[in-house]
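Here is how the chains run, residue by residue.
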Amino acid sequence: VGSDERLVGSVSVTCCDNYVASIVLPALAGLCREFPGIELAFTTDSRPFDLAKREADIAIRTLPVGGQPPEYLIGQKLAPITVCNYVAHEHEARLDPAQGAVETRWISFEERRSHEMMIAKSSYPELPAWGAFSCLELLAQAAEDGLGLVMLPTYVGDTHPALRRLAQPDLRHLADLWLLTHPDLRDNARLRTTRSCIANALKAQRARFSGEGWCADA
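Residues numbered from 1 in each chain as written. Predicted model: local features only at pLDDT ≥ 70, side-chain atom pairs only at ≥ 80, totals over all residues. Heavy atoms only, no water.

Draft legend 1. Focus on the packing of helix 1 (residues 18-34) against helix 6 (residues 189-203). Direction vectors running N to C along helix 1 and helix 6 enclose 130°, while the axes themselves pass 9 Å from each other. Considering their axes alone, helix 1 and helix 6 lie oblique with respect to each other. Crossing geometry of helix 1 relative to helix 6 is assigned as right-handed. Residue-level contacts link Val-20, Ile-23, Val-24, Ala-27, Leu-28 and Leu-31 of helix 1 to Thr-193, Thr-194, Cys-197, Ile-198, Ala-201 and Leu-202 of helix 6. Split into classes, the residues belonging to the contact of helix 1 with helix 6 amount to 10 nonpolar, 2 polar and no charged. (Axes fitted to C-alpha atoms, helices over the stretch in contact; angles between N-to-C directions. Helix = DSSP H or I, 4+ residues; strand = E, 2+ residues; numbered from the N terminus. Parallel < 35°, antiparallel > 145°, perpendicular 65-115°, else oblique. Left-handed = near helix turned anticlockwise from the far one by under 90°. Contact = heavy atoms within 4.5 Å. Nonpolar A, V, L, I, M, F, W, Y, C, P; charged D, E, K, R; others polar.)

Draft legend 2. Up close: the pattern of salt bridges. By the definition in use, this model includes 4 salt bridges. A salt bridge links Arg-112 to Glu-116; the nearest nitrogen and oxygen atoms lie 3.9 Å apart. Taken together, the positions of Arg-112 and Glu-116, both in helix 3 (residues 112-120) and 4 residues apart, correspond to about one turn of that helix. Take Arg-112: its relative accessible area is 29%, and that puts it in the partly exposed class. (Salt bridge = Lys/Arg side-chain N within 4 Å of Asp/Glu carboxyl O. Buried < 20%, exposed > 50% of the residue type's maximum accessible area, 1.4 Å probe, protein only.)

Draft legend 3. Just the packing of aromatic side chains, in detail. Across all of its chains, the model carries 2 aromatic pairs by this definition. Ring geometry for Tyr-155 against Phe-209: centres 4.8 Å apart, planes inclined by 45°, an arrangement best described as tilted. Note that Tyr-155 is positioned in helix 5 (residues 154-157) and Phe-209 in helix 7 (residues 206-210), a separation of 54 residues in sequence. As far as burial versus exposure is concerned, Tyr-155 and Phe-209 are alike and both buried. The positively charged end of Arg-105 is found above the aromatic ring belonging to Trp-130, 3.8 Å away from the centroid. (Phe/Tyr/Trp six-rings, centres within 6.5 Å; stacked < 30°, edge-to-face > 60°. Lys NZ or Arg CZ within 6 Å of the ring centre and 35° of its normal.)

Draft legend 4. The arrangement of the state of the cysteines in detail. On inspection of all chains with the given rule, the structure shows 0 disulfides. The structure places no disulfide on Cys-135, whose sulfur is separated from the nearest cysteine sulfur, that of Cys-16, by 12 Å. Relative accessible area serves as the criterion here: at 28%, Cys-135 is assigned to the partly exposed category. (Disulfide = S-S within 2.5 Å.)

Draft legend 5. How the structure looks around unusual backbone geometry. A positive phi is found at Asp-170, a non-glycine position, where the angle reads about 50°. Relative to the helices and strands, Asp-170 is located in the loop between strand 8 (163-165) and strand 9 (172-181). Since its relative accessible area comes to 17%, Asp-170 is described here as buried.

Draft legend 6. Layout of the environment of Cys-16. For Cys-16, the position within the fold is in the loop between strand 1 (9-15) and helix 1. Spatially, the C-alpha atom of Cys-16 lies 20 Å from that of Val-150, the residues being 134 residues apart in sequence.

Draft legend 7. Helix 3, seen in detail. Among the residues of helix 3, those classed as buried are His-115, Met-118 and Ile-119. All buried residues of helix 3 fall inside an arc of 100° around its axis, so they share one side. Structural note: helix 3 exposes Arg-113 and Ala-120 on the side pointing more than 90 degrees away from its buried face. Where the residues of helix 3 are buried, they touch strand 4 (74-88), strand 5 (106-109), strand 6 (129-133), strand 7 (150-153) and strand 9. (Arc of directions from axis to C-beta.)

Draft legend 8. Expanded view of the environment of Phe-133. Residue position: Phe-133 is located in strand 6. In this structure, the C-alpha to C-alpha distance between Phe-133 and Glu-110, residues 23 residues apart in sequence, is 5.4 Å. In this structure, Phe-133 is in contact with Ile-107, Ser-108, Phe-109, Glu-110, Leu-138, Leu-139, Ala-142 and Leu-147, ignoring residues within four places of it in sequence.

Draft legend 9. Geometry of the nonpolar core. Counting 54 residues, the largest nonpolar core has Val-20, Ile-60, Leu-152, Ile-198, Leu-202 and Phe-209 as the members making the most contacts within it. Broken down by element, the residue count for this core peaks at 8 residues, all from strand 4. Aside from chain neighbours lying at most four places away, what touches Phe-209 is Val-20, Ile-23, Ala-79, Pro-80, Ile-81, Thr-82, Thr-154, Tyr-155, Leu-177 and Leu-202. Counting residues in hydrophobic clusters, the runner-up holds 5 residues, among them Ala-59, Leu-63, Leu-73 and Leu-180. (Core = buried A, V, L, I, M, F, W, Y, C linked by side-chain atoms within 4.5 Å.)

Spelled out as structure tokens, the structure:
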């Protein structure tokens, strides 16, 4: 498999979340039109996949700042993951501390301990964590519905028209986006071409991941 030079056959990609997938999939659609012999299998899942057993050919994953992929995989760092504070436009008068809101809170993701550590280092460490939401989509929706303030990656929060950054956004580079594959597959033509396509698509959106592409008037 590793030495296959044909641009024909299946390629399985696992992506960390649907927001990253929405960037990657249009680029892969173009690749599949260019090379119709490639058949794509695409999943969104944050759990580890055993690339040695070909549970996936290519994985797009986040690793903490300074983290490295396992030694048995080849990794390419693509973009920073920057977290920012958001509030819903519709509910900012009663939730935004900068507007005098006193009975407000942070919407929490499931990993409460790590979230509380982030809260402690934020501009609003006195605000409590509330709830437990399992994915970025649910966190964003909960914020839009006015359940509280929320910390989201900029590539998520900045794309939601119902949300805006707080006056104290607390931009923090907490992780990086990586492209992972097994070394035995590095020379497979269709996988090599697919990896290049994914890398180019995500690198082109670097400002969106770093938070530098945000416009207050957007």
